[in-house]
Amino acid sequence: MNGLHDMYNRSFKTLRVSLLSRCNLSCVYCTMGEDEVKDNNAHQHPASATQLLRQIVQLHTLLQLETIRLTGGEPLLYHELIPLVEGLKQMKIPRIRLTTNGFLLERLATPLAAAGLQAVNVSLDAIDEDRFFLMTKRTQADKVLRGIDAAMAAGMKVKINAVIMKGINEDQVLPLLHFAFERNITIRFLEVMAMGHLHSNAAHYLFSQEELLEVISKEYAIERMPRKEGSTANYWKTTEGNHFGIIANESEPFCHDCNRLRLDSTGHIYGCLSSNQPIALSETDDTNTLMSKLQQAMDQKQRVKFTGSELSMLHIGG
Ligand code: SAM
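From a predicted model like this one, the values you see are computed outputs, not experimental measurements. (Residues numbered from 1 in each chain as written. Predicted model: local features only at pLDDT ≥ 70, side-chain atom pairs only at ≥ 80, totals over all residues. Heavy atoms only, no water.)

Q: So, the sheet that holds strand β2 (residues 67-71): which residues are in play, and what are the values?
A: A sheet is described by the order of its strands in space; here 12 strands give the open sequence β7-β8-β9-β6-β5-β4-β3-β2-β1-β10-β11-β12, paired in mixed fashion. The two strands at the open ends of the sheet, each matched to only one other strand, are β7 (222-224) and β12 (279-280). Summarising the sheet, strand β8 (residues 234-238) and strand β9 (residues 243-247) pair through 4 bridges and their orientation is antiparallel. Its bridge partner lying in β9, Trp236 is registered against Phe244. (Pairing = 2+ DSSP bridges. Helix = DSSP H or I, 4+ residues; strand = E, 2+ residues; numbered from the N terminus.)

Q: Would you mind going over the packing of helix α3 (residues 105-115) against helix α5 (residues 141-153) in detail, with residue names and values included?
A: One can describe the packing of α3 onto α5 by two numbers: an axis separation of 8 Å at closest approach and a directional angle of 15 degrees. As the angle between them shows, α3 and α5 are arranged roughly parallel. Considering the relative orientation of α3 and α5, their crossing is right-handed. Taken together, the residues of α5 that come into contact with α3 (itself represented by Leu105, Glu106 and Ala109) are Arg146, Gly147, Ile148, Ala150 and Ala151. Its residues assigned to classes, the contact of α3 with α5 comprises 5 nonpolar, 1 polar and 2 charged. (Axes fitted to C-alpha atoms, helices over the stretch in contact; angles between N-to-C directions. Parallel < 35°, antiparallel > 145°, perpendicular 65-115°, else oblique. Left-handed = near helix turned anticlockwise from the far one by under 90°. Contact = heavy atoms within 4.5 Å. Nonpolar A, V, L, I, M, F, W, Y, C, P; charged D, E, K, R; others polar.)

Q: Could you give an account of the nonpolar core, naming the residues involved and the relevant values?
A: Ranked by internal contacts, the top residues of the largest apolar core, which has 107 residues, are Leu70, Phe189 and Leu294. The dominant element in this core, judged by the number of residues it contributes, is helix α1 (residues 49-63), at 7 residues. Beyond its immediate chain neighbours, meaning those up to four positions away, Leu70 contacts Val17, Leu19, Pro75, Leu81, Leu84, Val85, Leu88, Arg97, Leu98 and Thr99. (Core = buried A, V, L, I, M, F, W, Y, C linked by side-chain atoms within 4.5 Å. Buried < 20%, exposed > 50% of the residue type's maximum accessible area, 1.4 Å probe, protein only.)

Q: Quick rundown of unusual backbone geometry? Include the residues and the values.
A: Within the chain, Gln64 stands out as a residue other than glycine whose phi angle is a positive 45 degrees. Tracing the backbone through its elements, the reader meets Gln64 in the loop between α1 and β2. Given the relative accessible area of 32%, Gln64 is considered partly exposed. Of note in this structure, Lys137 is not a glycine but carries a positive phi near 60 degrees. Owing to a relative accessible area of 22%, Lys137 belongs among the partly exposed residues under this scheme.

Q: Give a detailed account of the site of the ligand, specifying residues and quantitative values.
A: The environment of the ligand is formed by 18 residues, the closest being Gly73, Glu74, Ser123, Val163 and Met193. At a separation of 3.0 Å, a nitrogen atom of the ligand approaches a polar side-chain atom of Glu74. For the ligand, a nitrogen atom lies 2.8 Å from a polar atom in the backbone of Met193. In the complex, 96% of the free accessible area of the ligand, which totals 550 Å², lies under the protein chains. Class assignment for the residues of the shell around the ligand results in 8 nonpolar, 8 polar and 2 charged. (Near = heavy atom within 4 Å. Polar contact = N/O pair within 3.5 Å; in protein donor to acceptor, adjacent residues only side chain to side chain. Areas by Shrake-Rupley, 256 points an atom, 1.4 Å probe, with all protein chains shown as cover.)

Q: Tell me about helix α4 (residues 129-136), residues and numbers included.
A: Phe132, Met135 and Thr136 are the residues of α4 that are buried. Projected down its long axis, α4 shows its buried positions confined to an angular sector of 80 degrees, all on one face. The inward-facing, buried residues of α4 abut α5 and β5 (157-164). Positive backbone phi, at 60 degrees, marks Lys137, one or two positions downstream of α4. (Arc of directions from axis to C-beta.)

Q: So what about the pattern of salt bridges? Which residues, and what values?
A: The tally for this structure, following the rule as stated, stands at 14 salt bridges. A salt bridge links Glu66 to Arg95, with the shortest nitrogen-to-oxygen separation between them at 3.9 Å. Highlighted residues: Glu66 in the loop between α1 and β2 and Arg95 in strand β3 (residues 95-100), separated in sequence by 29 residues. Classification of Glu66 by relative accessible area gives partly exposed; the value is 34%. A relative accessible area of 31% places Arg95 in the partly exposed class. Linking Glu106 and Arg146 is a salt bridge whose minimum nitrogen-to-oxygen distance equals 3.1 Å. Taken together, the residues span a long stretch of sequence, with Glu106 in helix α3 and Arg146 in helix α5 at a distance of 40 residues. With a relative accessible area of 41%, Glu106 lands in the partly exposed category. By relative accessible area, which is 36% here, Arg146 ends up partly exposed. (Salt bridge = Lys/Arg side-chain N within 4 Å of Asp/Glu carboxyl O.)

Function cannot be inferred from these measures alone, as they are strictly geometric.
Rendered as structure tokens:
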């Protein structure tokens, strides 16, 4: 049963699960660059793997999910990650994926792949150590690079996500592209989003799709590819056959066919990253109650324009 569609024929086929709102980096777009990451959910314990699996089964039964993406905070800090992935595999949801900063990936890639994780998106905003520090307030970019190699060696599909911010890491576009192309990895550049502390001043840091293409075109001949329905990214191909994408929330918002539902680490769902009043799920929800909560989440979806939110992605999951 999946009667949930809105006037744009949007449904929920991808569930993003934020496992915890804690992170081991302090990226400038999530935090204000402070040493301690602010965590509004810190007073609440993240759901256990058993609780999460129970909630996901309920949602999957109603929605016939096609993709689960585990995120956070930093999902590799979640203690029950391996049993959680094993439980998801048993549900036979076709695609099980994870988004990580890659810091702990070198050690976890092999057990995660064995548990059933098929793909990881690694967030990497800089190759140069000084730029990496500016973006994350942490050193050791090389740890992330080794994590990427370990994930590939474990047989997982790897993509890189890089947020490019004007005046901070725009000089990293080509080094990141070279790194990805050398390994035959698809990289996606993200326009900065008006989330959290950037809600009112993201424009100040925006390095737009047009500016990204200008930099890349100086070195590569590129051709735009057709966009797949529901895709967050626009893709281009170089004449050498390499691919890269741009997630252009500002320049080309993709709300019109967004199929994502979010579940946070304390059992709330959200239908939209921008319009995100938490809707609390309860283990005692019957089918009708859950359907009506999903309808509320569907009603949160914005029409065509991403407007952002004062809540950081740390809390509802990036
Ligand atoms: N810790 C994991 C990681 O670093 O990938 C998962 C959570 S992180 C919030 C997920 C994604 O959100 C990252 O790719 C990050 O770059 C992106 N993100 C967070 N805030 C953002 C913002 N204001 N604009 C653009 N991307 C943002």
